[in-house]
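# Examining the three-dimensional arrangement
Letter by letter, the chains look like this.
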Amino acid sequence: MALPGISRVRRQLPVSPWLFAAPGLLVISAFVLYPFVSTVVNSFTDRRTLIPGKFVGLANFRELLHDDMFWIGLRNSTLYVVGVVPLLVVLPLLLALLVQKNIPGITFFRSAFYTPVVASIVVVGLIWVWLLDDRGLVNALLETVGAGPVGFLSDQWLLLLSAMAVTVWKGLGYYMIIYLAALGNVPRELHEAAAVDGAGAVRRFLTVTVPAVRSTMVLVGALSSVAAFKVFSEVYLLAGPSGGPAGEDTTLVMLVQRTGTGLTGRVGYASAISVVVFAVTVALMLLVLRADRKEDS
């Protein structure tokens, strides 16, 4: 016969885990699930900022197909992924190999490389604007050597490349830390055995280090792909609200912000763009994971 206290504890067990999880579930429901469901529902309506709107089916998505700014945003967001992700997969790994060595003063360099990560993106953006402006420091140095001012912030493609440089510069330290954790699990014996076989530094990197951290490279590729496709702050701060010359540097997230805000914002149409952004980011994640599974097989 079970004791009364034990039976009482058994009756309480199914409820207790939910009580502990309730605060987290409430936060996720309020700030993640509800906005997501609301965005999907609004994408099928013609809702505006002060007007509830009515159901219009796929009209917003059909309009996207004929919207030139949508295709410009999709082009720029895609180019951002192509230009940023390979650099954020390779350069932080090389940086992690550099600062992995336990030599005097290496802690200072680790902190210095990580400083841009903790810096405010607004501050970082303003610093780069001052550097790349027509009267900024970079152009002043170029003029001293007779190169003349370069329109880093006025040329369509140079502006996009400048924003990519800011993203890479700010993200190097973050992904470097991830690689440092992965490199700490690589057995030293593998490098010693490769060195005994006559493998040089480059060969040891390709045959020992890269295979050992390949799963981490996949993780970094997935995280950086999603972040690059959803880029907003860097381009917004360098190009301004208009998205550069004639709006040619507008990204999809900038288009969402521009379309769906204000007293006359088209919330339904902006929600449709947001759904497309979500679908593409999920597709990117699935492509990266599928490529990783093919390598494993």
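Bear in mind that the values here come from a model prediction, so they are computed numbers and not experimental data. (Residues numbered from 1 in each chain as written. Predicted model: local features only at pLDDT ≥ 70, side-chain atom pairs only at ≥ 80, totals over all residues. Heavy atoms only, no water.)

This part takes up the overall build of the chain. A count of helical and extended segments in the chain gives 14 helices and 0 strands. Beginning at the N terminus, the succession of helices and strands in the chain can be written as α-α-α-α-α-α-α-α-α-α-α-α-α-α. For the chain, whose C-alpha radius of gyration is 25 Å, the value lies well above the compact-globule estimate of 19 Å for 297 residues. Reported as C-alpha extents along the three principal axes, the dimensions of the chain are approximately 80 × 65 × 40 Å. Within the span of the chain, comprising 297 residues, buried residues form 35% of the whole. (Helix = DSSP H or I, 4+ residues; strand = E, 2+ residues; numbered from the N terminus. Rg over C-alpha atoms; globule rule 2.2 N^0.38 Å. Buried < 20%, exposed > 50% of the residue type's maximum accessible area, 1.4 Å probe, protein only.)

All right, on to the packing of helix 6 (residues 121–132) against helix 8 (residues 156–183) then. Running from amino to carboxyl end, helix 6 crosses helix 8 at an angle of 135°, the nearest separation of the two axes being 11 Å. Here helix 6 is positioned oblique relative to helix 8, judged by the angle of their axes. With respect to the hand of their crossing, helix 6 and helix 8 are arranged in right-handed fashion. Contacts between helix 6 and helix 8 involve Ile121, Val124, Trp128 and Leu132 from the first element and Ser162, Val166, Trp169 and Lys170 from the second. (Axes fitted to C-alpha atoms, helices over the stretch in contact; angles between N-to-C directions. Parallel < 35°, antiparallel > 145°, perpendicular 65-115°, else oblique. Left-handed = near helix turned anticlockwise from the far one by under 90°. Contact = heavy atoms within 4.5 Å.)

Further remarks concern unusual backbone geometry. Residues other than glycine seldom take positive phi values, yet Ala246 does so here, at roughly 60°. One can find Ala246 in the loop between helix 12 (233–239) and helix 13 (252–260). A relative accessible area of 70% means that Ala246 is categorised as exposed.

By the secondary structure assignment, Ser225 is in helix 11 (residues 214–229). Reaching out from Ser225, the side chain makes a polar contact with the backbone oxygen of Gly221 at a distance of 2.6 Å. (Polar contact = N/O pair within 3.5 Å; in protein donor to acceptor, adjacent residues only side chain to side chain.)

Using the criterion set out here, one finds 3 salt bridges in the structure. The salt bridge partner of Lys54 is Asp46, with a shortest N-O separation of 3.7 Å. A relative accessible area of 33% places Asp46 in the partly exposed class. The closest approach of N and O atoms between Glu248 and Arg75, which form a salt bridge, is 3.3 Å. You can see Glu248 sitting in the loop between helix 12 and helix 13 and its partner Arg75 sitting in helix 4 (residues 68–99), a full 173 residues away along the chain. (Salt bridge = Lys/Arg side-chain N within 4 Å of Asp/Glu carboxyl O.)

Nonpolar side chains collect at one region of the surface, where Phe36, Val37, Val41, Phe278, Val282, Leu286 and Leu289 lie side by side and expose about 610 Å² of accessible area between them. Going through the elements one at a time, helix 2 (16–42) and helix 14 (267–296) are the ones with two or more residues in the nonpolar patch. In terms of residue count, the dominant contributor to the nonpolar patch is helix 14 (4 residues). By the secondary structure assignment, Leu289 is in helix 14. (Patch = residues over 30% accessible without salt bridge, like charges linked within 9 Å, V, L, I, M, F, W, Y side chains within 5 Å. Areas by Shrake-Rupley, 256 points an atom, 1.4 Å probe, with all protein chains shown as cover.)

Turning next to helix 4. With 32 residues, helix 4 should cover 46 Å at 1.5 Å per step; its first-to-last C-alpha distance of 46 Å lies within 8% of that length. Roughly 25° is the biggest bend found in helix 4, and it falls at Val84, with proline Pro86 one to four residues downstream. Between a side-chain oxygen at the N-terminus of helix 4 and the backbone nitrogen of Met69 the separation is 3.0 Å; the capping residue is Asp67. (Expected span 1.5 Å × (residues − 1). Bend = angle between axes of the 7 residues up to and from the residue.)

Let's shift gears to the packing of aromatic side chains. Enumeration over the complete set of coordinates arrives at 7 aromatic pairs. Taking the centre distance of 5.6 Å and the plane angle of 50° together, the rings of Phe44 and Phe61 count as tilted. Within this pair, whereas Phe44 is found in the loop between helix 2 and helix 3 (59–65), its partner Phe61 is found in helix 3, the two being separated by 17 residues in sequence. Summarising the aromatic geometry, the rings of Phe108 and Phe109 are spaced 5.4 Å apart at their centres and angled 75° between planes, so their arrangement reads as edge-to-face. Here Arg266 stacks its cationic end above the ring of Tyr269, 4.5 Å away from the centre of that ring. (Phe/Tyr/Trp six-rings, centres within 6.5 Å; stacked < 30°, edge-to-face > 60°. Lys NZ or Arg CZ within 6 Å of the ring centre and 35° of its normal.)

Nonpolar side chains in soluble globular proteins tend to be buried together. Tyr80 and Ile273 are the most contacted members of the largest nonpolar core, which has 57 residues in total. Broken down by secondary-structure element, the contributors of at least two residues to this core are helix 4, helix 6, helix 8, helix 11, helix 12, helix 13 and helix 14. Among the elements that line this core, the one with the most residues is helix 8, at 14 residues. Contacts of Ile273, omitting those with residues within four sequence positions, involve Leu64, Leu252, Leu255, Val256 and Thr259. (Core = buried A, V, L, I, M, F, W, Y, C linked by side-chain atoms within 4.5 Å.)

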